[in-house]
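Take a look at the letters that make up each chain.
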Amino acid sequence: MSGIMYGYARVSTRNQREDRQLSALRAFGVAAEHITVEKQSGKDFDRPLYQRLTRSLSPGDVLVVKSIDRLGRNYAEILDQWARITKTRGAAIVVLDMPLLDTRAGRDLTGTLVADIVLQLLSYVAQTEREFIRQRQAEGIAAALEKGVRFGPPRMVMPEDFARLARDWWMGRVNASQAGRQLGISRKTFTRRAAEWGASAGFTGKAPAQMALRRGLR
């Protein structure tokens, strides 16, 4: 099979390195100018560099990746992309870490069948691994939250008069907009933090907004 040999390397974040993938692609014979490196998640194939590369494939070309999960991690979409490249575009695919996944010419019917089975198995494993990673991340976040770990930017430190105005708000003596203006913060921020303050201070009964409306302070 003649044509251009292209390489595709992918890492999920900009902090990850693609060195091993590049070394493997070059060792296989892919020219540096024909290697595409993309730094984006493999959750789907909505990746601009990948899309541009596959659109450029012509019959006889070869797309080389180091492993099936560098192509993607979505089981159904990997199978769909595989068919698009090999059948619609007429190009071949080589997965370096799995020699059975090599669609270049010279395969008999049995070899093709084995390759199809291996592809489906590895695609399934790639998606399952991604789902396990997401599950472990969610469990880790939940455990951290239980221990009091906070995520996101640091909480704003409330001005000195916050507690007094929060108490007045709970008592219906001032509305959230007035309190926010005096403190130099937004009404939304004051309402959220004053509600937290009131809960910790043991305030119960009608919501401050209802009390304020009743007293005509809003």
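Note that the coordinates shown come from a computational prediction; the quantities given were computed from them, not determined experimentally.

(A) Seen up close, the sheet that holds strand S2 (residues 35-39). As summarised here, the arrangement of the four strands in space is S2-S1-S3-S4, forming an open sheet in which the pairing is parallel. Since the sheet does not close on itself, it has two edges, and those belong to S2 and strand S4 (92-95), each with one partner. Mean inter-strand twist for the sheet, computed between neighbouring axes without regard to direction, equals 20°. Those strands touched by helix H1 (residues 19-28) are strand S1 (5-11), S2, strand S3 (62-65) and S4, and its axis lies near 170° from that of S1. Contacts from helix H4 (residues 75-88) reach S3 and S4, with the element oriented near 130° to S4.

(B) Spatial organisation of the side chain of Asp102. Relative to the elements of secondary structure, Asp102 occurs in the loop between S4 and helix H5 (109-146). Looking at Asp102, the relative accessible area reads 14%, which means it is buried. Among the polar contacts made by the side chain of Asp102, one reaches the side chain of Arg104 at a distance of 2.7 Å.

(C) View of the pattern of salt bridges. Scanning the model with the defined rule gives 10 salt bridges in all. Residue Arg17 pairs with Asp19 through a salt bridge whose shortest N-O separation is 3.0 Å. Judged by relative accessible area, which is 37%, Asp19 ranks as partly exposed. Ionic pairing is found between Arg164 and Asp161, a salt bridge with its closest N-O pair at 3.7 Å. Classification of Arg164 as partly exposed rests on a relative accessible area of 43%. When its relative accessible area of 38% is taken as the criterion, Asp161 is described as partly exposed. What emerges from the salt-bridge pattern is a single network uniting Asp161, Arg164, Asp168 and Arg173.

(D) Main features of the packing of aromatic side chains. In the structure shown here, the tally under the stated rule is five aromatic pairs. Pairing Trp169 with Trp170 gives two aromatic rings, centres 5.7 Å apart and planes at 80°, and the pair type is edge-to-face. A single burial state applies to Trp169 and to Trp170, both of which are buried. Ring geometry for Trp169 against Phe190: centres 5.9 Å apart, planes inclined by 80°, an arrangement best described as edge-to-face. Note that Trp169 is positioned in helix H6 (residues 162-171) and Phe190 in helix H8 (residues 187-201), a separation of 21 residues in sequence. The structure contains a cluster of three or more aromatic residues connected by ring pairs, namely Phe162, Trp169, Trp170 and Phe190. Over the aromatic face of Phe45 sits the side chain of Arg47, whose NZ or CZ is 4.7 Å from the ring centroid.

Here is what the cut-offs are and how they apply
- Residues numbered from 1 in each chain as written.
- Predicted model: local features only at pLDDT ≥ 70, side-chain atom pairs only at ≥ 80, totals over all residues.
- Heavy atoms only, no water.
- Pairing = 2+ DSSP bridges.
- Helix = DSSP H or I, 4+ residues; strand = E, 2+ residues; numbered from the N terminus.
- Axes fitted to C-alpha atoms, helices over the stretch in contact; angles between N-to-C directions.
- Contact = heavy atoms within 4.5 Å.
- Buried < 20%, exposed > 50% of the residue type's maximum accessible area, 1.4 Å probe, protein only.
- Polar contact = N/O pair within 3.5 Å; in protein donor to acceptor, adjacent residues only side chain to side chain.
- Salt bridge = Lys/Arg side-chain N within 4 Å of Asp/Glu carboxyl O.
- Phe/Tyr/Trp six-rings, centres within 6.5 Å; stacked < 30°, edge-to-face > 60°.
- Lys NZ or Arg CZ within 6 Å of the ring centre and 35° of its normal.

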